[in-house]
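Tertiary structure, described
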Amino acid sequence: MASADLNALEAKLAGEITSAADVAALDAVRVSAIGKKGAISELMAGLGKLPAEERKTFGAAVNQLKTRVTERIDVRKLSLESSALTARLATERADVTLPVRAGAMADGRIHPVSQVFDEIAEIFADMGFCIAEGPDIESDDLNFTRLNIPAEHPARQMHDTFYLNTPNTAHGTNASPFVLRTHTSPVQIRTMMSQKPPIRIIAPGRVYRMDSDATHTPMFHQIEGLVIDESTHFGHMKWCLEEFCKGFFEVEQVKMRFRASHFPFTEPSAEVDVGAEAIGKPGQWLEILGCGMVHPKVIANCGLDPEKYQGWAFGMGLDRITMLKYGIPDLRDMFSGDLRWLRHYGFSAFDVPTLAGGMSG
Ligand code: DAH
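Residues numbered from 1 in each chain as written. Predicted model: local features only at pLDDT ≥ 70, side-chain atom pairs only at ≥ 80, totals over all residues. Heavy atoms only, no water.

Here the focus is helix α4 (residues 52-91). If you check α4, its first and last C-alpha atoms are 58 Å apart, about what 40 residues at 1.5 Å a residue would give, namely 58 Å. Residues of α4 that are buried: F58, G59, V62, L65, V69, I73 and L80. (Helix = DSSP H or I, 4+ residues; strand = E, 2+ residues; numbered from the N terminus. Expected span 1.5 Å × (residues − 1). Buried < 20%, exposed > 50% of the residue type's maximum accessible area, 1.4 Å probe, protein only.)

Here the focus is the site of the ligand. The immediate surroundings of the ligand are formed by 15 residues, with H183, S185, Q188, R209 and E224 found nearest. Between an oxygen atom of the ligand and a side-chain N or O atom of Q188, the distance comes to 2.9 Å. Between the ligand and the protein, one listed contact pairs an oxygen atom with a side-chain N or O atom of E224 at 2.6 Å. With the chains in place, 89% of the 350 Å² that the ligand exposes on its own is no longer accessible. (Near = heavy atom within 4 Å. Polar contact = N/O pair within 3.5 Å; in protein donor to acceptor, adjacent residues only side chain to side chain. Areas by Shrake-Rupley, 256 points an atom, 1.4 Å probe, with all protein chains shown as cover.)

Before going further, it helps to examine the layout of surface pockets. Estimated volume of the largest pocket: approximately 1,100 Å³. In this structure, the largest pocket is lined by 43 residues; those nearest its centre are R209, F220, Q222, E287 and G317. When contributions to the lining of the largest pocket are tallied by element, the ones reaching two or more residues are β5 (219-229), β7 (266-275), β8 (285-294), β9 (310-317) and α11 (318-326). Per element, the largest residue contribution to the lining of the largest pocket is six residues, and it comes from β8. Classifying every residue of the lining of the largest pocket gives 19 nonpolar, 15 polar and nine charged. Each pocket or cavity is described by its volume, and for the second largest pocket that value is around 240 Å³. Contributing to the lining of the second largest pocket are H111, V113, S114, F117, E133, P204, G205, R206, M219, H221, L318 and F335. Broken down by secondary-structure element, the contributors of at least two residues to the lining of the second largest pocket are α6 (112-126), β4 (199-208) and β5. (1 Å grid on protein atoms, 1.4 Å probe; cavity = no way out; pocket = protein on both sides within 12 Å on 5 of 7 lines; lining within 4 Å. Points joined across faces, edges and corners; volume = space filled by probe spheres on them. Nonpolar A, V, L, I, M, F, W, Y, C, P; charged D, E, K, R; others polar.)

As defined by bridge partners, β5 adjoins β9 across eight bridges and the pair is classed as antiparallel. What sits directly across from Q222, in β9, is G317. Relative to β9, β8 is paired through five bridges, and the arrangement is antiparallel. Residue G292 lies in a different strand from β9, and its bridge partner there is A313. (Pairing = 2+ DSSP bridges.)

Our focus in this paragraph is the packing of aromatic side chains. Under the definition given, this model contains 10 aromatic pairs. Taking 5.0 Å as the distance between ring centres and 80° as the angle between the ring planes, the aromatic pair formed by F248 and F249 counts as edge-to-face. Each member of the pair, F248 together with F249, is buried. Here the aromatic cluster, defined as three or more aromatic residues joined through ring pairs, consists of F124, F129, F244, F248, F249, W312 and F314. (Phe/Tyr/Trp six-rings, centres within 6.5 Å; stacked < 30°, edge-to-face > 60°.)

Okay, helix α9 (residues 234-249) next. Along its 16 residues, α9 runs 22 Å from first to last C-alpha, staying within 8% of the 22 Å computed at 1.5 Å per residue. Those residues of α9 that sit buried are M237, C240, L241, F244, C245, K246, G247, F248 and F249. The inward-facing, buried residues of α9 contact α6, β6 (256-263), β7, β8, β9 and α11. In the segment just after α9, E250 is the residue with positive phi, at about 55°. (Contact = heavy atoms within 4.5 Å.)

Have a look at this one:
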């Protein structure tokens, strides 16, 4: 084939590329030119039959032709794709201000405990806290021992704690047994063992105790807080907890009472009550959480230097403050999976709590 024929082929292909009306038509042109049996591919396959000298110049010309045709196809493809997208965008308009259509999306409800957790996360995120998590099945070591809860402590007895029969073989045969965690405090340990201070986390989750009556369920929810650095103190904790209460109960002022208490993992320790006027019941106090300065032994048990680092922690029951805030009368109904209950007390997935827009929608 002479170079004039190459020019003619190029002109023909260029015309076909320009007039290809869509990506499929363009692809057909591509196959006819550089596909396995395409015109250009066939020319290349025939090169071997040419005399050496001719093969060199003609081969180079065919190669250049192939490059130019490929480029043309690519350019045309981009332009076809972009006009296809523009056409689609013009027809497929979504009006995001329309209400949700009836159906599963509109019917689904967020459980009040999840909603309250989102509210709490929003408040603490604003104060620079991250969210940490740990497993529901925890080792006795992390749930108790490293939290300075010695072997003879009452909380360890079978009476309170669900022990698992499955042996913990993670670290040899003498590994500590598995329990269903009785509080979210082991997440403190996991965090201190895996992160360098400064640490500022909250950790929500399910906890389990062998307890079941009108005000106790064997599974309930807690949220843990932990702050560790070189100088944070009890005053910082009081301020953070007060900010939390104001944000959560959506009041300008909140009365709080710190009562001296005892927890093995904090020293000093306190329990915190809030004045019930925050939920429209003046004159009463509501106990909402336990807290304190993290015990130096706990800090050391996590491999951190208690001479260098100090901090504070708190643990709060989520279910009770959910009931208080949203007027839910019976704890057991919270976990009975009754759709009528969820439709009544649940939240729309679109009621995302924000500090600016309001906590409870
Ligand atoms: N873990 C305790 C409980 O379940 C609550 C608690 C008290 C957590 C004081 C803390 C704390 O972090 O500092 O009863």
